[in-house]
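Each chain is listed here by its residues.
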Number of protein chains: 2
Amino acid sequence: MNSNEKPQWNGCPTRYAAGIVGDKWCFLLLRDVLLHGKRTYREFLASPEGISTNILANRLSKLETLGMLTREADPRKASSVCYFPTQKSKDFLLALVSMMVWATQYDEVTEAPASFAESFSNDPAGTIAWYEAEIDRVDQALRSS
Amino acid sequence: MNSNEKPQWNGCPTRYAAGIVGDKWCFLLLRDVLLHGKRTYREFLASPEGISTNILANRLSKLETLGMLTREADPRKASSVCYFPTQKSKDFLLALVSMMVWATQYDEVTEAPASFAESFSNDPAGTIAWYEAEIDRVDQALRSS
DNA sequence: CTCTCCACTTGCATTTTGCAAGTAATTTAA
DNA sequence: TTAAATTACTTGCAAAATGCAAGTGGAGAG
């Protein structure tokens, strides 16, 4: 990607979202970061979908460029790297969880418990706030270690 | 795509959603169907992103297979074809609009008016219901013509 | 009976992906 | 102290997906 040329996927909100989330691997990486507490290359690599190493490196750098992740040294081990979600990613939680609720409804072999969709429809804002608090808890613990 | 082999992108709700929406073109076609009232091949082709004819045919058939669209004869002209959104697509509206609100917040050159995000945060359910009513109005008019 | 419109399909060059292997900088273990 | 392992990548290459241009077949209009 030549960083001199601006992508013209702006303007229309759906097109803007498609430019980030309209990619299988970016989508799943956001899940791993926002919902599964994953922060390192190795953890992302271990996800059951089996992303390959070159694609993972490419997408992490794309998500960093897009302002969804920050790349920082791992406080636990200087040679390692952490990818943290930005506020922009965290603000994506509502959309992500909405998609999961929808998927839970239509995936015949869903592994998600009914309680998940239920708690979201009872209190959407509270559910999202809970996820965000979890993220902040994980990241504060990691950063101060 | 060999229809004999089942894709194992089920189980995890995010993975299920990624299998449908984690594709730029499917994503934008859903926008066109759900928010722009587009129903025909020709209308989809005219979208500013410039999908090519083979990809359009491929994605329309994929979305039909996935139960997001139904392919029917155009009531206005028997030789023409209409793609209608199913309930499954319409139920995706909440997630789609959530993404748009998020994109509107972060796209520096968004064309979406502030009133859009505002009305959604004031009354999410009402906003979605309005969109769904619009869709039903369009489709009922089309089907009975 | 020809001409146009519509919804595709086909062929082919280019791009992206997936897989396997390699690498460089630590860090742990013997 | 030195060899082995770990981490985060990069590289090369074959296979698949994409984009573009051109073609096809059926229905309807003139």
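Draft legend 1. Fine view of the overall build of chain A. A tally of helices and strands in chain A yields 8 helices and 2 strands. Starting at the N terminus and ending at the C terminus, chain A contains elements arranged as α-α-α-α-β-β-α-α-α-α. Each principal axis of the C-alpha distribution contributes one length, and for chain A these read about 45 × 40 × 25 Å. Counting across all 145 residues of chain A, residues that qualify as buried make up 48%. As displayed, chain A offers around 7300 Å² of accessible surface, 51% of which is attributable to carbon and sulfur atoms. Each charge class in chain A was averaged separately, 16 positive and 18 negative side chains, and the resulting centres sit 8 Å apart.

Draft legend 2. Region of the structure containing the protein's contact with DNA strand C. Looking at DNA strand C, there are 20 residues lining it, with N54 and R59 of chain A together with T53, S80 and Y83 of chain B nearest. T53 of chain B is positioned such that a nitrogen or oxygen atom in its side chain is 2.7 Å from a base oxygen of DNA strand C. V81 of chain B places a main-chain nitrogen or oxygen 3.3 Å from a phosphate oxygen of DNA strand C. Contributions of two or more residues to the surface near DNA strand C are made by α2 (24-34), α4 (53-65) and β2 (77-85) of chain A together with α3 (41-45), α4 (53-65) and β2 (77-85) of chain B. Partitioning the surface near DNA strand C into residue classes produces 7 nonpolar, 7 polar and 6 charged.

Draft legend 3. The arrangement of the interface of chain A and chain B in detail. Counting residues at the interface gives 43 residues for chain A, matched by 43 residues for chain B. The tally of links from chain A across to chain B stands at 2 salt bridges. Where E49 of chain A meets R15 of chain B, a salt bridge forms, and the shortest distance between an N and an O atom there is 3.2 Å. Considering every element that reaches the side of chain A that touches chain B, the biggest residue donor is helix α6 (residues 93-106) of chain A, with 11 residues.

Draft legend 4. How the structure looks around the pairing of β2 of chain A. Bridge analysis of strand β1 (residues 69-74) of chain A against β2 of chain A gives 6 bridges, and the strand direction is antiparallel. Paired with L69 of chain A across the strands is P85 of chain A, a residue of β2 of chain A.

Draft legend 5. Layout of the nonpolar core. In terms of nonpolar packing, the biggest core is built from 78 residues, with F92 and M99 of chain A together with F92 and M99 of chain B touching the most fellow members. For M99 of chain B, the residues in contact, after removing those within four places along its chain, are A17, V21, F92, A95 and M99 of chain A together with F27 and F92 of chain B.

Draft legend 6. Molecular detail of the protein's contact with DNA strand D. In the region of DNA strand D, 19 residues are neighbours, and Y41, T53, S80 and Y83 of chain A together with R59 of chain B sit closest. Of what DNA strand D places within 4 Å of the protein, 63% of the atoms are sugar or phosphate. V81 of chain A is positioned such that a nitrogen or oxygen atom in its backbone is 3.1 Å from a phosphate oxygen of DNA strand D. W25 of chain B places a side-chain nitrogen or oxygen 3.2 Å from a phosphate oxygen of DNA strand D. Listed by contribution, the elements that provide at least two residues to the surface near DNA strand D are α3 (41-45), α4 and β2 of chain A together with α2 (24-35) and α4 of chain B.

Draft legend 7. Focus on the relation of the copies chain A and chain B. Take chain A, turn it by 180 degrees, move it 0.0 Å along the axis, and it overlays chain B with an RMSD of 0.1 Å. Within this description, the copies of the chain are treated as partners about a two-fold rotation axis. For chain A, the smallest separation between a C-alpha atom and the rotation axis is recorded for G22 of chain A, amounting to 2.2 Å.

Draft legend 8. Molecular detail of the packing of aromatic side chains. The final tally for this structure, using the stated rule, is 11 aromatic pairs over all chains. Judged by centre distance (4.8 Å) and plane angle (70 degrees), the rings of W102 of chain A and F92 of chain B are edge-to-face. One end of the pair, W102 of chain A, is in helix α6; the other, F92 of chain B, is in the loop between α5 (87-90) and α6 (93-106), on a second chain. Summarising the burial analysis for this pair, W102 of chain A and F92 of chain B share the class buried. Three or more aromatic residues link up through ring pairs in this structure, and these residues are Y16 and F92 of chain A together with W102 and Y106 of chain B. In this structure, R143 of chain A is placed above the aromatic ring of F84 of chain A, and the distance from its NZ or CZ to the ring centre is 3.9 Å.

Rules of the game
Residues numbered from 1 in each chain as written. Chains lettered and ligands numbered in written order. Predicted model: local features only at pLDDT ≥ 70, side-chain atom pairs only at ≥ 80, totals over all residues. Heavy atoms only, no water. Helix = DSSP H or I, 4+ residues; strand = E, 2+ residues; numbered from the N terminus. Buried < 20%, exposed > 50% of the residue type's maximum accessible area, 1.4 Å probe, protein only. Areas by Shrake-Rupley, 256 points an atom, 1.4 Å probe, with all protein chains shown as cover. Lys, Arg positive; Asp, Glu negative; His and termini not counted. Charge placed at Lys NZ, Arg CZ, Asp CG, Glu CD. Near = heavy atom within 4 Å. Polar contact = N/O pair within 3.5 Å; in protein donor to acceptor, adjacent residues only side chain to side chain. Nonpolar A, V, L, I, M, F, W, Y, C, P; charged D, E, K, R; others polar. Contact = heavy atoms within 4.5 Å. Salt bridge = Lys/Arg side-chain N within 4 Å of Asp/Glu carboxyl O. Pairing = 2+ DSSP bridges. Core = buried A, V, L, I, M, F, W, Y, C linked by side-chain atoms within 4.5 Å. Least-squares fit on C-alpha atoms with pLDDT ≥ 70 in both. Phe/Tyr/Trp six-rings, centres within 6.5 Å; stacked < 30°, edge-to-face > 60°. Lys NZ or Arg CZ within 6 Å of the ring centre and 35° of its normal.

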